[in-house]
Amino acid sequence: MRRLLLLFFILFGKYCFSQTSPAQYLISGRVRDKKSQSPLSAASVTIPGTTTGIFTSNKGNYQLKAPQGIVHLHCEYVGYITVDTTFTVNQNKVINFDLIPSDKELNQVNVRATAIAHKEIATQNMTVIQGSDLDRTRGLSLGDALKSVTGVTTFQTGPSISKPVIHGLTGSRVLILNNGVGLQAQQWGQEHAPEIDPFIANQIEVIKGAAGIRYGADALSGVVSVNPKPLPVDTGSMNGEVNAVGMTNSRLGAFSAMLEGAMGPKLAGLSYRLQGTVKRAGNTSTPDYILGNTGLAENDFSAALQYHHKNYCIEGYYSYFDTKLGIQYDTEVGSIDDLQRKIAIGHPVTNYDFTYHIDRPYQTVSHETAKAKGFINISDSSKISLQYAYQVNTRREFEPLSLSSSLAPSIYLQIHTSTIEANYDHKDGAGFSGTVGLSGMNQGNVRMYGYLIPNFVDYDGGAYAIERYSRGKWLLEAGGRYDYRWLRAYVFDDNVDKINTTTTTYSGISATGGATYHITNDFKLTGNYSAAFRPPSINELYIDGVHQSIGEFEIGDINLKTERANNFSLNLNYSNHWLAAELEGYYNKINDFIFEEPTGSYYRARSGALLKFQYTQANVYFRGADLNLTIRPTDSLEISSKTSLIYAWNETIHDYLIYTPPARFQNGITYHFGNVGIFKNVALGAENIYVARQTHAPTGYDFAPPPGAYSLYNAHVDFRLLLNHTYLDFDIAAVNLTNVSYKDYLDRFRYFANEPGRNIIFRLRVPFKIK
Amino acid sequence: MFKLKHSIYALLGTALFYASCSNKAEQAVAPTIANEQLTSAGLKLTNQADPSDAPSCLYRFHLDNKGNVTSTDSTSLNLKANAKYNVQVVMLDTTQTPTFDVAAEIKDRANYHLLFFQPTPVAQQSLVFGNTSPYIPGTAPSATGPYLNLSVARTDQDTNNPPLQVGLADVFTTGAASTGKLRVVLRHQPNAKNGTFDPGSSDLDVNFIVNIK
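In this text the structure is predicted, and so the values were computed from the model without any measurement.

Q: Looking at this structure, how should I read the overall build of chain B?
A: A count of helices and strands for chain B gives two helices and eleven strands. For chain B, the succession of helices and strands along the chain, N to C, is α-β-β-β-β-β-β-α-β-β-β-β-β. Put simply, chain B has 213 residues, and 48% of those count as buried. Taking contacts inside chain B between residues at least 6 apart in sequence as the whole, the part at least 24 apart equals 59%. Accessible surface, chain B: about 10000 Å² in total, of which carbon and sulfur atoms supply 54%.

This is the structure:
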């Protein structure tokens with residue numbers, strides 16, 4: 001292990017840079033109160049005019065590096081007189097500070113800063129949804145909650161199922177982290193939504209770009225990280241929060257409650273959280289008709305327990321997600337003939353009434369995650385963390401009964417995954433910081449009933465290092481990763497009625513390199529290059545069976561090669577007190593990109609002909625731009641504008657790539673009224689979402705041409721009421737206010753029905769303290 | 001890179017160790033039980049005027065061990081011109097022992113099912129569609145060219161209120177001598193059956209070669 005770490009240091013760390021920089025000496029010492037001689041922790045020791053600086057440790061110690069020559073050292077601590085000292089450095093030095101308390105009373109302290117989120121890959125674009133923006137997504141699915149992020153769209157299967165698309169890529173190429181654990185569910189179908197309760201989240205982070213270097217091969221196009229807030233540390237405290245959401249369209253009701261606290265002095269350091277969500281929805285309606293059987297029922301629960309000592313921490317976490325999702329009637333087709341007939345009609349032929357009842361076809365999915373995590377601070381600026389997680393994902397799909405009276409599901413799949421990872425984070429005063437890590441995964445599948453995906457066993461291993469160097473206006477970053485996958489599948493041979501065991505292995509190296517240059521304090525430019533790879537997934541290799549809903553018979557290809565991506569991105573970021581602007585351009589070239597292609601031949605099922613789809617590979621590229629503008633002409637007015645443009649081309653067949661998100665423009669305005677009578681923090685906002693028609697679609701591929709452009713208006717008002725010293729936060733929002741009938745290109749049920757009509761959403765959030 | 005590789009193997013070793021505690025996934029392949037099996041569909045006819053004239057035809061799906069269709073074959077139906085036949089639709093699952101009568105199953109759930117018929121010419125360009133039940137609605141009839149001279153009427157009803165036709169029992173009326181195909185489609189229309197073709201999805205869609213002499 002130590003050798004390995006050393007190797008990474010040599011490869012990616014200091015070695016590359018220390019060759020050119022002048023001799024550095026170590027300056028160390030301690031900071032104490034002059035009178036009591038007690039150590040002062042978190043006092044700052046800096047070299048003015050440079051980025052070199054550090055806070056003292058719990059024992060008041062500090063350590064930093066300085067070049068040869070005259071060095072100016074600045075030591076500061078709130079409530080004490082600041083000390084400046086200048087001395088000549090030509091060897092390692094010990095400089096101690098004894099600070100004298102300041103007589104001056106602190107009149108007022110203004111802290112105006114935004115916490116800089118810790119970024120695993122500093123030179124990659126990361127968007128964080130939190131605060132009121134996150135509150136406004138309460139009750140929505142995770143996919144829909146992410147739609148407010150520029151460059152992120154969703155791939156939908158009717159109103160109840162959606163999965164995120166980042167820069168045009170979806171499925172297993174987007175890694176979803178639930179409280180630090182990579183979600184290992186069954187990402188091999190379009191109608192498989194991520195099994196995460198967004199009510200858990202205090203913050204959702206979206207990394208746009210290849211993050212495989214940190215998270216493994218599955219993060220080829222990005223990472224969505226759902227983070228709960230840190231467990232409380234105030235000894236003896238107990239807090240809670242209740243969320244309630246009601247929607248008029250599907251008559252959705254969601255109720256979520258959370259209780260957390262930290263134990264009293266006898267058990268200091270021990271804290272906990274319990275959280276649960278219940279969600280029910282009935283049939284969704286479009287402006288013209290009700291979509292039959294689009295209800296959902298969801299029950300989620302999570303629990304966390306943590307022991308925190310100043311130098312180490314152990315944490316246990318468990319979450320349970322259980323959902324039952326109705327699949328729209330009239331989208332179940334038996335053959336190509338059926339499909340064409342339904343597309344020609346374009347809307348359901350039967351009138352349905354509103355009901356909460358979920359009938360066949362439907363699916364039930366449950367996901368359990370258990371995690372144990374710990375870290376230990378081995379010095380003031382380095383720590384080792386270890387995490388183990390076990391996940392079980394169970395999926396049952398119930399088709400309409402027709403010829404048989406069997407009540408069993410048509411498909412039952414259960415996958416078990418254990419993951420382990422170890423990380424070493426370090427930082428020194430001279431501008432170097434980085435992370436080195438190892439990860440391992442084992443996955444297995446159990447199936448029953450219909451054949452779609454074989455049983456398999458998978459072992460994955462990976463090792464990576466990311467090193468960062470920041471000096472002056474520059475931040476430089478480089479990283480490398482090696483991944484290995486061993487995959488054994490038990491493929492059913494239908495000719496001889498026996499199981500064939502096939503074993504394949506994949507390995508590859510990913511790398512990332514990036515730089516950020518701070519042109520001014522407000523203005524920075526970031527460039528990043530990532531080389532990433534993704535081995536074919538089990539479904540791409542071995543799927544063999546009828547995929548209902550759009551009349552397709554899917555066939556995998558055991559000879560698929562690993563797909564390799566080269567991703568370039570350039571990011572301009574400007575922010576001052578009245579303007580925040582971010583422009584990102586990217587080019588993502590993927591060789592051997594794996595996707596499903598219609599073969600043009602038919603598979604004869606009893607119900608008629610089905611179109612055969614075969615997994616295939618092609619060289620493709622994606623290029624696009626995301627623009628994000630927020631203007632605050634006054635303190636109370638906020639204007640925002642988001643633009644996502646994307647273009648994808650299949651070089652192998654010299655045509656566009658199917659299912660590329662069309663151009664999307666989102667413009668909004670919010671006015672903060674402040675306090676109006678008993679209503680506090682009143683804010684009123686409206687926005688328009690314009691999605692263009694996808695004109696860059698291949699011809700003769702799809703069952704129906706892309707639908708037309710659409711323009712939606714949304715509005716919201718939020719305010720706070722004070723009742724018995726308890727805040728009640730209200731948010732009332734209207735989605736599709738003008739009740740527009742439209743279809744979305746990335747909804748695979750667009751062939752059969754329109755998107756939902758007007759929806760008024762009521763949200764109430766009540767945080768409280770228990771004494 | 002040499003040392004790195006060794007570390008990976010060491011890591012894989014530990015992965016194998018902890019995974020061996022949970023190897024229930026391995027090779028635990030449960031039997032493939034298909035939810036619905038239909039291997040044969042056919043028609044049994046009896047001439048109303050001559051009970052000894054009882055032609056029949058059978059369409060067979062050949063399945064692989066996963067229940068997927070690998071090939072099909074069909075016998076032709078030979079009818080007399082200008083005659084009336086009582087018809088019974090036959091649907092069987094021959095993978096079960098004894099052979100399972102799927103048609104009886106359909107009869108039990110007749111309120112969800114509806115059969116449609118479509119006489120078509122052998123030559124595709126003179127395809128003729130009927131527009132009324134029990135014919136599959138579609139494009140307007142084009143009478144260019146000879147087509148199968150056969151008309152179909154469903155004679156059974158379900159227990160919906162008011163009752164709707166089912167199509168497991170029918171009467172075929174033949175005209176002048178002709179040759180063509182008869183397409184038979186079973187529509188599955190849970191909670192949506194209304195006597196028309198459109199709701200639901202197809203459970204069965206087969207073509208029989210028909211000779212009227």
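From this point, things continue past the structure.
Q: Can you help me understand the overall build of chain A in this one?
A: Assigned secondary structure in chain A consists of seven helices and 40 strands. Relative to the 2.2 N^0.38 estimate, which gives 28 Å for 771 residues, the radius of gyration of chain A is 28 Å and therefore close to what a compact globule would have. The dimensions of chain A, computed from C-alpha atoms along their principal axes, are 90 × 65 × 50 Å. A separation threshold of at least 6 residues defines the contact pool for chain A, and within that pool the share at least 24 residues apart is 65%.

Q: Just to check I follow, could you spell out the side chain of Arg273 of chain A for this structure?
A: All names here are of chain A. Inspection of the secondary structure assignment puts Arg273 in strand β18 (residues 270-281). Residue Arg273 is classed as buried on the basis of its relative accessible area of 11%. A polar contact is formed between the side chain of Arg273 and the backbone oxygen of Lys229, at a distance of 2.9 Å. Excluding anything up to four places from it in sequence, Arg273 contacts Pro228, Lys229, Pro230, Leu231, Pro232, Met258, Leu259, Glu260, Ser302, Ala303 and Ala304.

Q: Can you help me understand the nonpolar core in this one?
A: Nonpolar side chains in soluble globular proteins tend to end up buried together. With 41 residues, the main nonpolar core has Leu43, Met91, Phe172 and Leu182 of chain B as its most contacted residues. Apart from the residues within four sequence positions on either side, Met91 of chain B is in contact with Leu38, Ser40, Ala41, Phe100, Asp101, Val102, Ala103, Ile106, Leu168, Leu186 and Leu204 of chain B. Counting residues in hydrophobic clusters, the runner-up holds 23 residues, among them Leu296, Leu325, Ile327 and Leu339 of chain A.

Q: Can you walk me through the pattern of salt bridges in this structure?
A: Charged atoms that come close allow side chains of opposite charge to pair. For the coordinates displayed, the defined rule picks out 38 salt bridges over all chains. In this structure, Asp53 of chain B and Lys80 of chain B form a salt bridge, with 3.7 Å as the shortest nitrogen-oxygen distance. Within this pair, whereas Asp53 of chain B is found in the loop between β1 (40-47) and β2 (56-63), its partner Lys80 of chain B is found in the loop between β4 (77-79) and β5 (84-93), the two being separated by 27 residues in sequence. The exposure class assigned to Asp53 of chain B is buried, which follows from its relative accessible area of 10%. Because the salt bridges share partners, they merge into one network encompassing Arg136, Asp718, Asp731 and Arg763 of chain A.

Q: Help me understand the confidence of the model for chain B in this model?
A: It should be kept in mind that the predicted coordinates are not to be read in detail where pLDDT is low. Residue and element names in this part refer to chain B. Looking at chain B as a whole, its pLDDT mean stands at 79, while 73% of the residues score no less than 70. In the predicted structure, residues 15-26 sits below a pLDDT of 50 and forms 23 contacts with residues beyond four places in sequence or in another chain. Taken together, the stretch residues 139-143 has pLDDT below 50 and engages in nine contacts with residues farther than four places along the chain or on a different chain. If you check the scores for this complex, the pTM reads 0.81 and the ipTM reads 0.80.

Q: I keep staring at a nonpolar patch on the surface and nothing clicks. Help me out?
A: Residues and elements named next belong to chain A. The grouping of Tyr671, Phe673, Val676, Ile678, Phe679 and Leu684 at the surface amounts to a nonpolar patch, some 550 Å² of accessible area in total. For the nonpolar patch, the secondary-structure elements that each account for two or more residues are β36 (664-676) and β37 (679-691). In terms of residue count, the dominant contributor to the nonpolar patch is β36 (three residues). Structurally, Ile678 is set in the loop between β36 and β37.

Q: It is not clear to me how the packing of aromatic side chains should be interpreted in this structure. Could you clarify?
A: Ring pairs (aromatic) are described by centroid distance and by the angle formed between their planes. Residue and element names in this part refer to chain A. Tallying each qualifying case throughout the model produces 34 aromatic pairs over all chains. Here the aromatic rings of Tyr647 and Tyr656 are separated by 6.0 Å at their centres, their planes lie at 85 degrees, and the arrangement is edge-to-face. Since its relative accessible area comes to 22%, Tyr656 is described here as partly exposed. Ring-pair connections join several aromatic residues into one group, and the members of that group are Tyr529, Phe568, Tyr587, Tyr621, Tyr647, Trp649 and Tyr656. Between Arg251 and the ring centre of Phe354, over which it is positioned, the NZ or CZ distance is 3.8 Å.

Q: Just checking my understanding: could you explain unusual backbone geometry for this structure?
A: For residues that are not glycine, phi is negative in most cases, and the peptide bond is trans in most cases. Pro361 of chain A follows Arg360 of chain A through a cis peptide bond whose omega is 0 degrees. Backbone torsion omega between Asn161 of chain B and Pro162 of chain B reads -5 degrees, so that peptide bond is classified as cis. Looking at the secondary structure, you find Pro162 of chain B in the loop between β8 (150-154) and β9 (169-174). Notably, Asn293 of chain A is not glycine yet its phi reads approximately 60 degrees, a positive angle. Within the secondary structure layout, Asn293 of chain A lies in the loop between β18 and β19 (296-308). For Asn293 of chain A, a relative accessible area of 1% translates into the label buried.

Q: It is not clear to me how the pairing of strand β10 (residues 178-188) of chain B should be interpreted in this structure. Could you clarify?
A: Every other side chain in a regular strand lies on the same face of the sheet, so the side chains alternate between the two faces. Residues and elements named next belong to chain B. Where burial is concerned, most of β10 is hidden: nine out of the eleven residues are buried. Pairing of strand β7 (residues 113-121) with β10, which is carried by nine bridges, proceeds in the antiparallel orientation. The partner of Phe116 across the bridge, within β10, is Val185. Where β10 lies against strand β11 (residues 201-212), eleven bridges are found, and the strand directions are antiparallel. Note that in β11 the partner of Lys181 across the bridge is Ile209.

Q: Quick question: what am I supposed to make of the sheet that holds β10 of chain B here?
A: Strands pair in a sheet through their backbones, by hydrogen bonds, and they do so in one of two ways: parallel or antiparallel. All names here are of chain B. The four strands are arranged β4-β11-β10-β7 in an open sheet whose pairing can be described as mixed. Pairing within the sheet leaves two strands with one partner each, and these edge strands are β4 and β7. Neighbour-to-neighbour, the strand axes of this sheet turn through a mean angle of 30 degrees, independent of strand direction.

Q: Honestly, the sheet that holds strand β15 (residues 222-227) of chain A in this entry has me stumped. Any pointers?
A: Residues and elements named next belong to chain A. A sheet is described by the order of its strands in space; here five strands give the open sequence β9-β14-β15-β12-β13, paired in mixed fashion. The open sheet terminates on both sides in strands that have one partner only, identified here as β9 (125-130) and β13 (181-182). Bridge count between strand β12 (residues 174-178) and β15: five bridges; the pairing is parallel. Residue pairing across strands places Leu175 opposite Val223, the latter belonging to β15.

Q: Just to check I follow, could you spell out the environment of Ile376 of chain A for this structure?
A: Residue and element names in this part refer to chain A. Among the secondary structure elements, Ile376 is positioned in strand β21 (residues 362-379). Among the residues examined, Ile376 registers a relative accessible area of 42% and is labelled partly exposed. It is 25 Å that separates the C-alpha atoms of Ile376 and Gly212, two residues lying 164 residues apart in sequence. The contact partners of Ile376, leaving out residues within four places of it in the chain, are Asn311, Tyr312, Ser382, Lys383 and Ile384.

Reading the values: the criteria
- Residues numbered from 1 in each chain as written.
- Chains lettered and ligands numbered in written order.
- Predicted model: local features only at pLDDT ≥ 70, side-chain atom pairs only at ≥ 80, totals over all residues.
- Heavy atoms only, no water.
- Helix = DSSP H or I, 4+ residues; strand = E, 2+ residues; numbered from the N terminus.
- Buried < 20%, exposed > 50% of the residue type's maximum accessible area, 1.4 Å probe, protein only.
- Contact = heavy atoms within 4.5 Å.
- Areas by Shrake-Rupley, 256 points an atom, 1.4 Å probe, with all protein chains shown as cover.
- Rg over C-alpha atoms; globule rule 2.2 N^0.38 Å.
- Polar contact = N/O pair within 3.5 Å; in protein donor to acceptor, adjacent residues only side chain to side chain.
- Core = buried A, V, L, I, M, F, W, Y, C linked by side-chain atoms within 4.5 Å.
- Salt bridge = Lys/Arg side-chain N within 4 Å of Asp/Glu carboxyl O.
- pLDDT = per-residue confidence, 0-100.
- Patch = residues over 30% accessible without salt bridge, like charges linked within 9 Å, V, L, I, M, F, W, Y side chains within 5 Å.
- Phe/Tyr/Trp six-rings, centres within 6.5 Å; stacked < 30°, edge-to-face > 60°.
- Lys NZ or Arg CZ within 6 Å of the ring centre and 35° of its normal.
- Pairing = 2+ DSSP bridges.
- Axes fitted to C-alpha atoms, helices over the stretch in contact; angles between N-to-C directions.

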